[in-house]
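Residues per chain, in single letters:
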Amino acid sequence: MRNDISSEELGNLLSNSGASAVTALNQPQLDILRHALGIVLGRSSTSESGRNHFVTGADGTDHGICMSLVELGMMQHHAGNALSGGDDVFVVTAAGRIA
């Protein structure tokens, strides 16, 4: 996945996803995005991360946070399957990586 992006491309991604450049994310949302990307503050960056998934069940506390990120265009939601133990899988979008 490409990690460099121009301002114009960012604007297009955000407008196509329904997100806003001024969307303020709360700490739990930022924590989930970082965790999904395998980012440890002070030790890694999005360009170093090869990870991009977050698995949580519909009854989990994090599920609602992930769904709010889907609504903002920061994550995509995929229904659970045998590989995820039936839990839903969320992946970070290009807009979410920038956040």
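Structure shown above.
Residues numbered from 1 in each chain as written. Predicted model: local features only at pLDDT ≥ 70, side-chain atom pairs only at ≥ 80, totals over all residues. Heavy atoms only, no water.

Description of the sheet that holds strand β3 (residues 88-92)
Backbone hydrogen bonds are what pair the strands of a sheet, in a parallel or an antiparallel way.
At step 1: Strand order in this open sheet of three strands is β1-β3-β2, and the pairing throughout is antiparallel. The open sheet has two free edges, formed respectively by β1 (54-56) and β2 (75-78), since each of these has just one partner strand. Neighbour-to-neighbour, the strand axes of the sheet open up by a mean angle of 25°, direction not taken into account.
At step 2: Here β2 runs beside β3; their pairing, made up of four bridges, is antiparallel. Paired with Met75 across the two strands is Val92, which belongs to β3.
At step 3: Where helix α3 (residues 61-71) meets the sheet, its contacts fall on β1, β2 and β3, and the angle it forms with β2 comes to roughly 120°. (Pairing = 2+ DSSP bridges. Helix = DSSP H or I, 4+ residues; strand = E, 2+ residues; numbered from the N terminus. Axes fitted to C-alpha atoms, helices over the stretch in contact; angles between N-to-C directions. Contact = heavy atoms within 4.5 Å.)

Some words on the environment of His78
At step 1: Within the secondary structure, His78 sits in strand β2.
At step 2: Residue His78 is classed as partly exposed on the basis of its relative accessible area of 38%.
At step 3: Taking the C-alpha atoms as reference points, His78 and Asp88, separated by ten residues in sequence, lie 5.9 Å from one another.
At step 4: The residues touching His78, leaving out its near neighbours within four places in the chain, are Asp88, Val89 and Val91. (Buried < 20%, exposed > 50% of the residue type's maximum accessible area, 1.4 Å probe, protein only.)

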